[in-house]
Amino acid sequence: MKTKMELMAPAGNFESLQAALDNGANSVYFGIDQLNMRARASVNFTMEDLPEITRRCEAKNVSTYLTMNTIIYDHDLSLIKTLLNKAKEGGVSAVIASDQAVIASARERGMAVHISTQLNITNIETVKFYSLFAETMVLSRELSLRQVKKITEHIEKEQIKGPSGELVKVEIFGHGALCMAVSGKCYLSLHSDNSSANRGACKQNCRKKYTVIDQENGFEVEIDNEYMMSPKDLCTLDFLDQVMDAGIQILKIEGRGRAPEYVATVTRVYREAIDALEEGTFTSEKVEAWMERLATVYNRGFWSGYYLGQKLGEWSKTSGSQATQKKIYVGKGIHYFSKAGIAEFKIEAYDIKKGDKLLITGPSTGAKEIDLEELYVNETRMLKAIKGDCCTIKVPFRVRLSDKLYKIVDA
C-alpha cells in the first residue's frame, strides 16, 4: 500500500504553528485549553484562536487536527460539546480522540476522527472495530514495523474503510520524546503529585535521577545509569525507507511542548527526507547530514524505539537536552523597513557580532535563522552591537514588533 506519506507537525503555540507551516508540514496537531495530553507542557491555544489557526493552515493547504485525547470525566462533557461545536464551525479537519464520549460526540457532528495512540491499537480486529467511527488509526507505539506492515496490508486486502468510505489510514509517531509507559498511559505523577499524566498534567517523574534501595536491609542496587526510566528520543530518520515500506500514511512528529526552532528544524529535516525518498535520492550521506541538524535542537539522544525489534530500552544519560546548540536571548524587534528589507532590533542582553548565527521567533514569524553578514548601529556599519544598542540588520522576511532575537551558539 504505497501512498504519499503525510508529515504531521506539532503546534503548541503560534510560533510553532508558523514554524510548521513554513517548513513543509502537511498537517498540524494542537490542543485547546485542558482537554489534551499537553495541557501543562505548553501555552495551549484557546477557542478564540481557532479561526486564526484554521485561516493560516487553509492558506497553505495544511490539515488541522485537534487533540482531545485525555481521560474524560462527567464534568468535562459540556466543554467537549462546546469545543467540538467550535471546531466544526472553524473547519478543523479532524479530532484526535481516545475516549468514546469524544469519539461519539465528534461523529454526531460529522467530524472526522483519528484514534489516539492512548487506545493501544495493536491488531487488525481492533482496527476493524474503530473503523466504524474513525478515518485514521494512530497505532500503539510499542509495535514493530513488521507488525505495523501486517496491519496496513490487511487494511488493503480486506478493504477496511472508515465512515467516509475511504480506506482507513495508519499513523505512527516518527520522531520525538518517548515515554517509559505503554503508549503514554502513566500514573507516576498522579501518585507523587496528584497530577495526572492522562489528563495532560505529567510531572515527568521518569526524567529524574533514581536509586534503588532494598527496604529490608538498606542495600543499594548499583545501576549504571541513574536515569533508568528516561528513554532517549525516538528517531526514524535513518530507516525512513522501511517506515514508508510498512505502508504508513501519516508520520507524526512529537513536540507540542518544545520550542519553535525545534519544530522548524525537525519538520524541515523530515520534509527533505520524505521528498528524497519519493524522488529516489535518499542516501546515507544525506542521512548523516540530517542527523547532525536534528542534533542541534532539543533532544535526549536518539534511538529507534520499538520499530526494529531490537533490545528495548535505550536510556538518556542526563535530565535535559543533549542538543549540540543552544539559543541565547539577545533582544527584540522594534521596527521593520519593508521596502529595504531591514529590521531594527533593541539589544537587551548579549552582544551580537558579524558572523553570528541568529534566530528570530514570533507568533507570525515562526522560527527563522539567518547568518549575520553586516549590521549597523546609529546608521554606522559596525562589527558588533552591544547591550543598549539599537541596530539594523538586513533580513529576507518580515520582522514584527516584539519578535524575539536570539543567537545560536555551541552547547
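Attention here is on the structure that accompanies the text. Predicted, not measured: the structure shown is a model, and the values here were computed from it. (Residues numbered from 1 in each chain as written. Predicted model: local features only at pLDDT ≥ 70, side-chain atom pairs only at ≥ 80, totals over all residues. Heavy atoms only, no water.)

**Digging into the packing of helix α1 (residues 14–22) against helix α2 (residues 50–59)**
Item 1. The contact between α1 and α2 brings their axes to 10 Å, and the two run at 15°. With respect to their mutual orientation, α1 and α2 come out roughly parallel. As α1 runs across α2, the sense of the crossing is right-handed. Where α1 abuts α2, its residues F14, L17, Q18 and L21 lie against E52, I53, R56 and C57. (Axes fitted to C-alpha atoms, helices over the stretch in contact; angles between N-to-C directions. Helix = DSSP H or I, 4+ residues; strand = E, 2+ residues; numbered from the N terminus. Parallel < 35°, antiparallel > 145°, perpendicular 65-115°, else oblique. Left-handed = near helix turned anticlockwise from the far one by under 90°. Contact = heavy atoms within 4.5 Å.)

**A word on the packing of aromatic side chains**
Item 1. What the rule picks out here adds up to seven aromatic pairs.
Item 2. Between F14 and F45, the ring centres sit 5.0 Å apart and the planes meet at 75°, which makes this aromatic pair edge-to-face. Of the two residues, F14 sits in helix α1 while F45 sits in the loop between β2 (27–31) and α2, which places them 31 residues apart along the sequence. Of the two residues examined, F14 and F45, each falls in the buried class.
Item 3. Summarising the aromatic geometry, the rings of F129 and F133 are spaced 5.6 Å apart at their centres and angled 65° between planes, so their arrangement reads as edge-to-face.
Item 4. In this structure an aromatic cluster arises from ring pairing among F14, F30 and F45. (Phe/Tyr/Trp six-rings, centres within 6.5 Å; stacked < 30°, edge-to-face > 60°. Buried < 20%, exposed > 50% of the residue type's maximum accessible area, 1.4 Å probe, protein only.)

**Looking at α1**
Item 1. Counting buried positions along α1 yields eight of nine residues, so the element is predominantly enclosed.
Item 2. Those residues of α1 that sit buried are F14, E15, S16, L17, Q18, A19, A20 and L21.
Item 3. Next to the buried residues of α1 lie β1 (6–10), β2, α2, α9 (260–279), β16 (357–362) and β17 (366–371).
Item 4. Two to three positions downstream of the cap, the backbone nitrogen of E15 sits 3.2 Å from a side-chain oxygen, assigning the N-cap of α1 to N13. (Polar contact = N/O pair within 3.5 Å; in protein donor to acceptor, adjacent residues only side chain to side chain.)

**Overview of the pairing of strand β3 (residues 63–68)**
Moving residue by residue along a regular strand, the side chains alternate between the two faces of the sheet.
Item 1. Taking burial as the measure, the six residues of β3 include five buried ones, the bulk of the element.
Item 2. Two elements, β2 and β3, share five bridges in a ladder whose sense is parallel. By the bridge assignment, Y29 is partnered in β3 with Y65.
Item 3. Between the parallel elements β3 and strand β4 (residues 94–97), the chain passes through helix α3 (residues 77–90) in a crossover that is right-handed. (Pairing = 2+ DSSP bridges. Right-handed = clockwise from strand over helix to strand, strands pointing away.)

**Structural notes on unusual backbone geometry**
Item 1. Positive phi values are uncommon outside glycine, yet N120 reaches one of about 55°.
Item 2. Tracing the sequence through the fold places N120 in the loop between β5 (112–115) and α5 (124–130).
Item 3. The phi angle at Q159 is positive, at roughly 50°, despite the residue not being glycine.
Item 4. In this structure, Q159 sits in the loop between α6 (145–158) and β7 (169–176).

**A word on α2**
Item 1. Of all the residues in α2, the buried ones are L50, I53, T54, R56 and C57. All buried residues of α2 lie within an arc of 160° about the axis, which places them on one face of the element. Every exposed residue of α2 that faces more than 90 degrees away from the buried side is listed here: P51, E58 and A59.
Item 2. Looking at the packing, one finds that the buried side of α2 touches α1, β2, β3 and α3.
Item 3. Once α2 finishes, N61 follows within two positions and takes phi at roughly 55°, a positive value. (Arc of directions from axis to C-beta.)

**Brief notes about the pattern of salt bridges**
Item 1. Taken as a whole and assessed by the stated rule, the structure comprises 18 salt bridges.
Item 2. The closest approach of N and O atoms between K60 and D22, which form a salt bridge, is 3.3 Å. Of this pair, K60 sits in the loop between α2 and β3 while D22 sits in helix α1; the two residues are 38 residues apart in sequence, bridging distant segments of the chain.
Item 3. Accessibility expressed as a relative area gives 43% for K60, which makes it partly exposed.
Item 4. The class for D22 is partly exposed, based on a relative accessible area of 27%.
Item 5. Ionic pairing is found between E348 and K332, a salt bridge with its closest N-O pair at 3.8 Å. One end of the pair, E348, is in the loop between β14 (342–347) and β15 (352–353); the other, K332, is in strand β13 (residues 325–337), with 16 residues separating them in the sequence.
Item 6. In this structure K332 comes out as partly exposed when scored by relative accessible area, which is 31%. (Salt bridge = Lys/Arg side-chain N within 4 Å of Asp/Glu carboxyl O.)

Any functional reading would require information beyond the geometric quantities listed.
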